[in-house]
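# Fold and contact review
So the chains spell out like this:
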Amino acid sequence: MEIFKIFFSKPSAKDVAKDRLKLILIHDRASISPDILDKIRDEIFNVLSKYVEIDSDDLDIRMTQVDNDNNESSPALIANIPIKNLKSRV
Amino acid sequence: MGESIVITSGKGGVGKTTTTANIGTALASMGKKVVLIDGDTGLRNLDVLMGLENRIVFTLIDVIEEKCKLKQALIKDKRFNNLFLLPTAQTRDKNDITPEQMLQVVETLKEEFDYVIIDCPAGIEQGFENSVIGADRALVVVNPEITSVRDSDRVIGKLDAKGLENHELIVNRLNYEMTKRGEMLDVNDILDSLAIKLIGVVPDDRSITISTNKGEPIVLEEKSKPGQAFRDIAKRIIGEEVPFMDLSESTTIDFWSAIKKVFGKK
């Protein structure tokens, strides 16, 4: 009964809108402003410097999107931290 | 000391100025002393909605630049003696005012008026900053559309970041028929998305266009549904508990009253 499938499986415009809105808000709210990202970078640098020697210029921290199981993308913070030397062991 | 309220939204064209004009007029009709400030320097329109565009002599910019006294720039409403408009300039722009200057004007007005209502322009730049700084509370106007809700979310975030957490939502231009048919976001969809309390729902109505044309805020019309909605919002602002209007009645009643008309209710 193909006809019934057509009538019952199509989501309403309002449901489409609500889903799109939800995703848009998640993305918008998760985007970290550049100032805060800088603060995060500085603090991560300070913490890591206690244990490893790293170059502040090489410390790369940024916002990105990762795809999860449902094929939706969610925000993520990724870091690339080249280590020059381990500091002395405790 | 009066209360200052900013009417904001983020998105343009959702009904902030209409809301300002109507809530202001409604509060004045309830006996409150009200002043409306047009925050949209360069693109002013509050004067048009109030029907006072021909009476502008001095503006907010003149007050700030000390070319006139604040009292001289206030225009008394045509209908209510306790309602005033502080218009802004059409030939300057929003960067010609600093938040500190705006704050001073609002603080001075709060000493004389029960309610100081600031019509915030669209956007989140200087105009927004200036309008929000002097406000004790905010009314966020949203249309039932993804774009408007998204922008309002950003604005609410900015208000929270500034410590202005006394904010409430007005859903404007709700088309009840469309929400019933599943074609438009409804109030619950919007409340689910935004972290904010609801203070009013105003139905979409072409009569608002007519009231803008005439320069007579729709609250002045007894039988108008959007007018009633704005009057209810004004009552809630002063602390009265008013149940939300049932917007579903509108079309059925109109149908039957149309039939009655045909059968000779003269």
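Residues numbered from 1 in each chain as written. Chains lettered and ligands numbered in written order. Predicted model: local features only at pLDDT ≥ 70, side-chain atom pairs only at ≥ 80, totals over all residues. Heavy atoms only, no water.

What follows deals with the pairing of strand β1 (residues 3-8) of chain B. Residues and elements named next belong to chain B. Burial runs high along β1: five of the six residues are buried. The pairing of β1 with strand β5 (residues 115-119) spans five bridges and is classified as parallel. Among the inter-strand pairings, Glu 3 is bridged to a residue of β5, identified as Tyr 115. Bridging between β1 and strand β6 (residues 137-142) involves four bridges; their strand directions are parallel. Note that in β6 the partner of Val 6 across the bridge is Ala 138. (Buried < 20%, exposed > 50% of the residue type's maximum accessible area, 1.4 Å probe, protein only. Helix = DSSP H or I, 4+ residues; strand = E, 2+ residues; numbered from the N terminus. Pairing = 2+ DSSP bridges.)

Residue and element names in this part refer to chain B. Inspection of every chain in the model, using the stated rule, returns one aromatic pair over all chains. Above the plane of the ring of Phe 113 lies Lys 33, whose end atom (NZ or CZ) is 5.0 Å from the centre. It is Arg 236 that lies over the ring of Phe 244; its NZ or CZ is 4.1 Å from the centre. (Phe/Tyr/Trp six-rings, centres within 6.5 Å; stacked < 30°, edge-to-face > 60°. Lys NZ or Arg CZ within 6 Å of the ring centre and 35° of its normal.)

Let us look at the sheet that holds β6(B). All names here are of chain B. In space, the eight strands of this open sheet follow the order β3-β4-β2-β5-β1-β6-β7-β8, with mixed pairing throughout. Of all strands in the sheet, those bounded by a partner on one side alone are β3 (75-76) and β8 (197-203). Pairing of strand β7 (residues 167-174) with β8, which is carried by six bridges, proceeds in the parallel orientation. Residue pairing across strands places Asn 172 opposite Val 202, the latter belonging to β8. Where helix α7 (residues 146-161) meets the sheet, its contacts fall on β1, β6 and β7, and the angle it forms with β6 comes to roughly 170°. (Contact = heavy atoms within 4.5 Å. Axes fitted to C-alpha atoms, helices over the stretch in contact; angles between N-to-C directions.)

Now for empty space enclosed by the protein. Residues and elements named next belong to chain B. Applying the stated rule across the entire model yields three cavities of 30 Å³ or more. There is about 50 Å³ of room inside the largest cavity. Those elements that provide at least two residues to the lining of the largest cavity are α1 (16-29) and α10 (207-214). A class-by-class count of the residues in the lining of the largest cavity yields five nonpolar, four polar and no charged. Space inside the second largest cavity adds up to approximately 40 Å³. In terms of lining residues, the second largest cavity is bounded by Gly 39, Thr 41, Leu 60, Lys 94, Ile 97, Met 102, Gly 127, Asn 130 and Ser 131. Looking at the lining of the second largest cavity, the element that brings in the most residues is helix α6 (residues 126-133), giving three residues. A class-by-class count of the residues in the lining of the second largest cavity yields three nonpolar, five polar and one charged. (1 Å grid on protein atoms, 1.4 Å probe; cavity = no way out; pocket = protein on both sides within 12 Å on 5 of 7 lines; lining within 4 Å. Points joined across faces, edges and corners; volume = space filled by probe spheres on them. Nonpolar A, V, L, I, M, F, W, Y, C, P; charged D, E, K, R; others polar.)

To continue, consider the packing of helix α2 (residues 13-30) of chain A against α7(B). In the contact formed by α2(A) and α7(B), the axes pass within 10 Å of each other and the chain directions differ by 25°. In terms of orientation, α2(A) and α7(B) fall into the roughly parallel class. In terms of crossing hand, the pair formed by α2(A) and α7(B) is right-handed. Between α2(A) and α7(B), the contacting residues are Ala17(A), Arg20(A), Leu21(A), Ile24(A), Leu25(A), Asp28(A) and Arg29(A) on the first element and Ile146(B), Val149(B), Arg150(B) and Asp153(B) on the second. Counted by class, the contact of α2(A) with α7(B) contains six nonpolar, no polar and five charged residues. (Parallel < 35°, antiparallel > 145°, perpendicular 65-115°, else oblique. Left-handed = near helix turned anticlockwise from the far one by under 90°.)

A word on unusual backbone geometry. Residues and elements named next belong to chain B. Backbone geometry places Glu 66, a non-glycine residue, at a positive phi of 60°. Residue class for Glu 66 comes out exposed when judged on its relative accessible area of 73%. You will see that Arg 173, though not glycine, has its phi angle at about 70°, which is positive. Looking at the secondary structure, you find Arg 173 in strand β7. The exposure class assigned to Arg 173 is partly exposed, which follows from its relative accessible area of 31%.

All names here are of chain B. Within this structure, the stated rule accounts for 22 salt bridges over all chains. Between Arg 137 and Glu 3 there is a salt bridge whose closest N-O contact spans 3.4 Å. Of this pair, Arg 137 sits in strand β6 while Glu 3 sits in strand β1, placing them 134 residues apart in sequence. A relative accessible area of 7% places Arg 137 in the buried class. (Salt bridge = Lys/Arg side-chain N within 4 Å of Asp/Glu carboxyl O.)

What follows is about the confidence of the model for chain B. Detailed reading of the predicted coordinates is not advisable wherever pLDDT is low. Per-residue confidence for chain B gives a mean pLDDT of 93; residues scoring 70 or more make up 93%. If you check the scores for this complex, the pTM reads 0.80 and the ipTM reads 0.83. (pLDDT = per-residue confidence, 0-100.)

What follows concerns the pairing of strand β2 (residues 34-38) of chain B. Residues and elements named next belong to chain B. Counting buried residues in β2 gives five out of five residues, a clear majority hidden from the surface. Side chains of β2 alternate between two faces, with Val 34, Leu 36 and Asp 38 and Val 35 and Ile 37 buried alike. In the sheet, β2 pairs with strand β4 (residues 83-86) via four bridges, with the strands oriented parallel. Residue Leu 36 lies in a different strand from β4, and its bridge partner there is Leu 85. The pairing of β2 with β5 spans five bridges and is parallel. Paired with Ile 37 across the two strands is Ile 118, which belongs to β5.

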